[in-house]
Each structure stands twice: as structure tokens, then as C-alpha cells.
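# Secondary and tertiary structure notes
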Amino acid sequence: MDVKIAFLHGFVTEEVYMKQPPGFIHPDYPNHVCKLTKDIYGLKQAPRAWFHRFSAFLISHGFACRKSDSSMFSYRSSSHVLIGLLYVEDIILIGSHNGLLDQFISRLSHQFAMKDLGNLHYFLDIQAVRTSHSLHLSRLKYICYLNFTCKPVRTPLASRNSISLVDGELLSDPSEYRSMGGALQYLTMTRPDIAYAVNVVSQFMHAPRTTHMHCVKRIFRYLQGTLTYGLTLRALSPTSMRAKKQPTVSKSSTEAKYRAIAYAVAETCWIRHILCELDKALTLRASWGEYYSSHLPPPISNSYQLSPIKEKTDCKRPCCSNFAKISLAACQILLK
């Protein structure tokens, strides 16, 4: 669903004044200002006022705002469930009963000017293709919008090719390089296969050179041959993915692995809290390589327990044993 002129639905709670807009200046009072009674686009309070108006309407109809995600609302009756997700003016609304879903959509349409777009096909420029057992997410339309024609290649980066800060000549106009790099960053959400390559070329935004431009163009050539690639989500499999540079420098591979596990466990706990708030009993298994496994009990209990870690490797080095102990400590700290 798409809300038309969403920010104009909010109400101003403070005293806000603005200059008379050009073309609408009062001939008798040209030096007067206008007092706002409703939100307008460009006002700093407009996003917050719109969200408050929309959330107040949902709560008045029995919805509850989720603590783990403030943009998610859920309604539960004796036999049916409705779940809504809001992102600015875009809304995803799902339910277990078509009649109840249509009834609430009608209420929303009477309260706000909005358009029902039917089944989910596009959301935030992400194309969603549903099958009986999966959901495929891609940005085919966005890639085609970039409008490039080139010969495709098989890999986003050339093998055995190291990129240096000083190789090649400086670009006379770096704006094109930065624009192309920014467009690629927007794609990494549904294209993890280019995440590393985009991270590499993004490190030279301040002073791009000809060799760096060649690497960016190679990524576009790779996209030309993989237009339909994306993420396929299977049923009953919560998925979270993020690729980024760690904010701190690790002095050893063990420390880097420890930090990666800590971030992964924290993300897993957040997903688990969302599902618990939606009253879904959950049994999670987190697998790291082929070494460790842990088990979380259903959300009925207030305490968390971890099953013993089993090392399945034949490696006898002290670092492997220490890594197992550090991993267990990270999980115990984060799951409290």
C-alpha cells in the first residue's frame, strides 16, 4: 500500500511559522508570516508527526507497536492475526484472514488517502516474486534503470589483481566514479555476491584513479550477465544479512572471529525477539563453520541455556580451543 502525500496527514503540536510562499503573497499584508496548522514537506517535525498520527490510528484499532522494531505493528484476535510494517509512506500489511485484511484496508483508506497496490511486487525498489515455497528478492528494474550496455564477465573482480592507492592516473572528474560507486552500494542489499567488490572500490572515493574506474566498470559488466540474480528466501527460515567493515582493528584472526560471532549472535537475538513478540515458539540453531552448535529454548523460559560446544575438527592447536572458549563466552554474555 502507498500513502499519498503522507507528511500532510500529520498535525503540528508546536507553534511554527513560515514565510508566505511565492505566488501566494497577500497584497495587503506582504510582510506577514503564516502559522502552520498541519505539517508540510520540508518541515523537520513532519516525519515524526506523520508516524505519530499513523501509529495512534493503529493503536486505537487494537494494534500493538513492537518493541524490537518500532515500525512494526501487530493485531491479534481470538483466531486471526494482522501484521503491518511502515516505511515512510510505504506499507506492507499481511493477515491470516482475507476478510479481516480487506476490512482493515478499507478503514485505512477512509482515514488516509492511499492506494492499494495489491499483492506485494515492489517495496523500496526491491522486486518480490512469490512462489509456493519461496520469495525471490531482486533489483532487476533498478539495474535496468542504470542503462548500461557492455560485454558481461563471470566475476566482479579479476583474479590475482591487487588494487593499490597509487596505481594509475588521477581522474580529472571523480564525480562519475563516485556516482557509479554509490549506485553499486544501493545494490548490495539483494546482491551479496558483489558486496566485497563494492567495498573494495568504495575505499578510493576520495581520490579515484583510472585503475579504480576499470574495477568499477568490471562490476557493471558482471551485473550485465547476472541481471536476474537475487536472494531467495525459503519458508520458515528467518534471514538476516549484513556485510560491512568492522569498526575496530583486530590484532589476530581469533579476535576477528570473536567479534564476528558477537555481532552474529546479537543479530540472532534481535530476530528471535521479533518472533517472540509475534508469539512464535522458536528453536534456533546457530552454526559457525563446522565446529560449534548451540541451542536456544522456546521463549517461555526467562533464562537462556547453551548446549555444550563440540569440536569436530582434528586440529590440536591451542588457538582452536581458545576460539571455542571465546565463542561460548560471547554467546553467554550476549544472551543474558
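Residues numbered from 1 in each chain as written. Predicted model: local features only at pLDDT ≥ 70, side-chain atom pairs only at ≥ 80, totals over all residues. Heavy atoms only, no water.

## Some remarks on the packing of helix α1 (residues 46-60) against helix α2 (residues 98-111)
Where α1 meets α2, the axes come as close as 12 Å, and the angle between the chain directions of the two elements is 140 degrees. Overall, the two elements α1 and α2 adopt an arrangement that is oblique. For the pair α1 and α2, the sense of crossing is right-handed. Between α1, through Arg53, Phe54, Phe57 and Leu58, and α2, the contact on the second element is made entirely by Phe104, Arg107, Leu108 and Gln111. Split by residue class, the contact of α1 with α2 holds five nonpolar, one polar and two charged. (Axes fitted to C-alpha atoms, helices over the stretch in contact; angles between N-to-C directions. Helix = DSSP H or I, 4+ residues; strand = E, 2+ residues; numbered from the N terminus. Parallel < 35°, antiparallel > 145°, perpendicular 65-115°, else oblique. Left-handed = near helix turned anticlockwise from the far one by under 90°. Contact = heavy atoms within 4.5 Å. Nonpolar A, V, L, I, M, F, W, Y, C, P; charged D, E, K, R; others polar.)

## What to know about the nonpolar core
In terms of nonpolar packing, the biggest core is built from 26 residues, with Trp50, Phe54, Leu58, Phe104 and Leu108 touching the most fellow members. In this view, Trp50 contacts Val3, Ala6, Phe7, His9, Gly10, Asp39, Leu86, Val88 and Phe112; residues no more than four positions away in its chain are not counted. (Core = buried A, V, L, I, M, F, W, Y, C linked by side-chain atoms within 4.5 Å. Buried < 20%, exposed > 50% of the residue type's maximum accessible area, 1.4 Å probe, protein only.)

## With respect to the sheet that holds strand β11 (residues 134-138)
Each strand in a sheet pairs with its neighbour through backbone hydrogen bonds, running either in the same direction (parallel) or in the opposite one (antiparallel). Strand order in this open sheet of four strands is β9-β10-β11-β12, and the pairing throughout is antiparallel. If you trace the sheet from one side to the other, it starts and ends with β9 (122-123) and β12 (231-234), each paired once. In this structure, β9 lies alongside strand β10 (residues 126-130), joined through two bridges in antiparallel fashion. Residue Tyr122 lies in a different strand from β10, and its bridge partner there is Gln127. (Pairing = 2+ DSSP bridges.)

## Overview of the confidence of the model for the protein chain
A residue-level look at the protein chain finds 80% of positions with pLDDT of 70 or above and a mean pLDDT of 78. For residues 281-327, every residue scores under 50 in pLDDT, and the model assigns this stretch 74 contacts once sequence neighbours within four places are set aside. Between residues 330-336, whose pLDDT stays under 50, and residues either more than four places distant or in other chains, the model counts 14 contacts. (pLDDT = per-residue confidence, 0-100.)

## Concerning the side chain of Thr190
Tracing the backbone shows Thr190 in the loop between α4 (175-185) and α5 (195-201). Discounting chain neighbours no more than four positions away, the residues touching Thr190 are Ile126, Leu137, Ser138, Arg139, Gly230 and Leu231.

## Quick word on the pattern of salt bridges
Under the definition given, this model contains two salt bridges. For Arg191, the salt bridge goes to Asp193, with nearest N and O atoms at 2.9 Å. Judged by relative accessible area, Arg191 falls into the buried class, the value being 2%. Measuring nitrogen to oxygen at the nearest pair gives 2.9 Å for the salt bridge that ties Glu255 to Arg259. With a gap of four residues between them, Glu255 and Arg259 both fall in helix α7 (residues 253-277), about one helical turn apart. Judged by its relative accessible area of 25%, Arg259 is partly exposed. (Salt bridge = Lys/Arg side-chain N within 4 Å of Asp/Glu carboxyl O.)

## Quick notes on the packing of aromatic side chains
By the definition in use, this model includes 11 aromatic pairs. Residues Trp50 and Phe54 carry aromatic rings whose centres are separated by 5.4 Å and whose planes lie at 45 degrees to one another, so their mutual orientation is tilted. With Trp50 and Phe54 both in helix α1, this residue pair falls four residues apart, about one helical turn. Judged by relative accessible area, Phe54 falls into the buried class, the value being 3%. Between Phe57 and Phe104, the aromatic rings sit 6.4 Å apart at their centres with planes inclined by 35 degrees, giving tilted as the arrangement. Of the two residues, Phe57 is situated in helix α1 and Phe104 in helix α2; the sequence distance between them amounts to 47 residues. For the residue pair Phe57 and Phe104, the accessibility class agrees, reading buried in each case. Ring pairing ties together the aromatic residues Trp50, Phe51, Phe54, Phe57, Phe63, Phe73, Tyr75, Phe104 and Phe112, which thus form one cluster. In this arrangement the basic side chain of Arg139 is found over the ring face of Tyr186, its NZ or CZ atom lying 4.2 Å from the centre. Directly above the ring of Tyr122 sits Lys141, whose terminal nitrogen or CZ lies 5.2 Å from the centroid. (Phe/Tyr/Trp six-rings, centres within 6.5 Å; stacked < 30°, edge-to-face > 60°. Lys NZ or Arg CZ within 6 Å of the ring centre and 35° of its normal.)

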